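# Structural description and commentary
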Amino acid sequence: MEKIRLIIWGMLFFVTASYGQSATKVLDKTASVVSNKNGVEASFTISSKQYGDAKGTISVKGKKFYANTSAGIVWFDGKTQWTYVQQNDEVNICNPTQADLQAINPYNFIYMYKQGYTSTMSANGNSYVVTLKGKGKKIQEMVITINKQTYVPTQIRMLQNKHWTTVKVSNFRTVKLSDSIFRFNSKAYPNAEIIDLR
């Protein structure tokens, strides 16, 4: 479960990434691109010495998200979160607290860089590289690589508890997403054990 949370948390952080002349302006522009009102989708790979490697896809629309990884699937409709753990064939249901949402909800991550982080930026070829550092934060440091032309994040590195996690983003696209994809459909998993933690 912790691995799935880290995967989703790390992947969803791509929503924070960046655009611009100054680090803050770059991040503002990226947040605007990534938080398209109709929705966005992307593929990703994540690697961490602590939790291993995974890959998958993510769909985001406002506060809602759907992530399908090699470890499990997460749906969040803005209030309720369903986490399907394939290994156990079980679904955990919860209503995340504000603290939980800080770690998993892309809506909160979009503006995370404005809350107690210092930022610096450099250029590397066709990319901006923004570094965020925060004292006393769950994520101590983030290094976000952003395409200069599209303002789409292509890589996010996060330092947490002395361990680096790297997320690589590809196939980013804006799409029109139906709200139904952000809710768990029990008919698709008829044998799954449902564990309601609400």
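Residues numbered from 1 in each chain as written. Predicted model: local features only at pLDDT ≥ 70, side-chain atom pairs only at ≥ 80, totals over all residues. Heavy atoms only, no water.

In this section: the pairing of strand β6 (residues 90-94). Where burial is concerned, most of β6 is hidden: 4 out of the 5 residues are buried. Pairing geometry for strand β5 (residues 81-85) and β6, over 5 bridges, is antiparallel. Note that in β6 the partner of tyrosine 84 across the bridge is valine 91. In textbook terms, the turn of a hairpin is the stretch between consecutive antiparallel strands, and for β5 and β6 this stretch comprises 4 residues, one of which, aspartate 89, has a positive phi near 50°. The pairing of β6 with strand β12 (residues 193-196) spans 4 bridges and is parallel. Looking across to β12, one finds that isoleucine 93 is bridged to aspartate 196. (Buried < 20%, exposed > 50% of the residue type's maximum accessible area, 1.4 Å probe, protein only. Helix = DSSP H or I, 4+ residues; strand = E, 2+ residues; numbered from the N terminus. Pairing = 2+ DSSP bridges.)

As a further point, take the pairing of strand β7 (residues 118-124). Of all the 7 residues making up β7, 0 are buried; the element is thus mostly uncovered. Sheet analysis places β7 next to strand β8 (residues 127-133), joined by 7 bridges and oriented antiparallel. For serine 119, the partnering residue across the bridge sits in β8 and is leucine 132. Connecting the antiparallel pair β7 and β8 is a turn made up of 2 residues, with glycine 125 showing a positive phi of about 65°.

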